[in-house]
Amino acid sequence: MTMSSTMHSKRDHRDLARVWVVLSSIALALLFLAPGVALVLLVFPIFIEDPPNTMPAFRGVNTLFFTVVRSVLVCVVAALAANALILASLPAVIRAIKHCPTPGAARFGKISAIVFGVGLVFNAVVWGVVLGPWFLSLFPALQESARTLGSIGSKAFEKLSYFTYPLVLAPFVFDVVRFIAMLIAGIAVSTARHKSAVLPAVAPTAQAPR
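Residues numbered from 1 in each chain as written. Predicted model: local features only at pLDDT ≥ 70, side-chain atom pairs only at ≥ 80, totals over all residues. Heavy atoms only, no water.

1. Details of the nonpolar core
Then comes step 1: One finds Trp20, Ile86, Ala96, Cys100, Phe179, Met182 and Val189 to be the most contacted residues of the largest nonpolar core, which totals 29 residues.
Then comes step 2: At the level of elements, helix 1 (3-43), helix 2 (61-99), helix 3 (103-136) and helix 6 (169-190) are the ones that each hand at least two residues to this core.
Then comes step 3: Aside from chain neighbours lying at most four places away, what touches Val189 is His13, Ala17, Trp20, Ala96, Cys100 and Ala105. (Core = buried A, V, L, I, M, F, W, Y, C linked by side-chain atoms within 4.5 Å. Buried < 20%, exposed > 50% of the residue type's maximum accessible area, 1.4 Å probe, protein only. Helix = DSSP H or I, 4+ residues; strand = E, 2+ residues; numbered from the N terminus. Contact = heavy atoms within 4.5 Å.)

As structure tokens, this is what we get:
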């Protein structure tokens with residue numbers, strides 16, 4: 001490898017890793033800022049006028065529902081945008097790991113990328129379980145099929161929805177772990193250097209006269 005190609009390889013993996021770090025930082029910031037924005041939105045509810053025949057016990061339910069849904073959507077959109085940013089950085093991540101001169105940093109980068117991919121699959125499964133009953137309810141034919149399961153199946157189906165509600169928080173918690181790992185790995189790869197670049201220069205010593 002020539003001197004120019006070596007210098008290009010050093011500069012290449014660092015520039016790619018900087019793109020990795022920047023996008024991971026923005027993704028992590030979105031994930032941390034979203035809950036704060038959601039809480040602020042809860043302070044300013046969406047007022048929905050109740051129908052005239054609404055029972056006193058159910059007044060304000062629509063206002064509460066749409067206000068909470070708005071805050072949840074902020075978190076969901078932020079999580080989707082954060083994952084999209086990491087996905088957009090994957091070409092740079094793969095090339096940075098490929099040209100990384102330090103085996104330890106490259107290995108850490110590979111592990112963080114694998115954890116990110118596993119997290120995507122995990123999130124898809126969780127959201128499928130949580131939103132599956134709601135999605136099936138949109139199709140009348142599937143509702144008719146559900147009625148044929150009998151009362152036992154219907155009760156089990158209703159119980160399942162209560163158990164899946166807490167799972168909504170799992171993707172957000174896992175996202176924080178994944179994005180922190182990606183950011184740290186990006187920093188490790190960006191600071192990795194070739195051994196030739198870190199060897200101390202030895203100053204030539206003057207030869208003593210004979």
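2. Considerations on the confidence of the model for the chain
Then comes step 1: Of all residues in the chain, 68% attain a pLDDT of 70 or more, and the chain-wide mean is 76.
Then comes step 2: With pLDDT under 50 throughout, residues 1-9 is counted as low confidence; its partners more than four residues away or in other chains account for three contacts. (pLDDT = per-residue confidence, 0-100.)

3. Describing helix 6
Then comes step 1: An ideal rise of 1.5 Å per residue puts 32 Å on 22 residues; helix 6 measures up with 32 Å between its terminal C-alpha atoms.
Then comes step 2: Listed as buried for helix 6 are Pro171, Phe172, Asp175, Arg178, Phe179, Met182, Leu183, Ala185, Gly186, Val189 and Ser190. Looking down the long axis of helix 6, one finds its buried residues gathered within 165 degrees of arc, a one-sided arrangement. The outward face of helix 6, more than 90 degrees from its buried face, is lined by the exposed residues Leu169 and Val173. (Expected span 1.5 Å × (residues − 1). Arc of directions from axis to C-beta.)

4. Points about the packing of aromatic side chains
Then comes step 1: One pass over the full model with this rule turns up three aromatic pairs.
Then comes step 2: Centre to centre, the rings of Phe65 and Phe66 are 5.4 Å apart; their planes meet at 80 degrees, and the pair counts as edge-to-face.
Then comes step 3: Owing to a relative accessible area of 39%, Phe66 belongs among the partly exposed residues under this scheme.
Then comes step 4: Measuring from ring centre to ring centre gives 5.3 Å for Phe122 and Phe174, while their planes differ by 85 degrees; the resulting arrangement is edge-to-face. With Phe122 in helix 3 and Phe174 in helix 6, the pair connects residues that are 52 residues apart, well separated along the chain.
Then comes step 5: On the basis of relative accessibility, which here comes to 35%, the residue Phe122 falls in the partly exposed class.
Then comes step 6: Above the ring of Phe174, the side-chain terminus of Arg178 is found at 6.0 Å from the ring centroid. (Phe/Tyr/Trp six-rings, centres within 6.5 Å; stacked < 30°, edge-to-face > 60°. Lys NZ or Arg CZ within 6 Å of the ring centre and 35° of its normal.)

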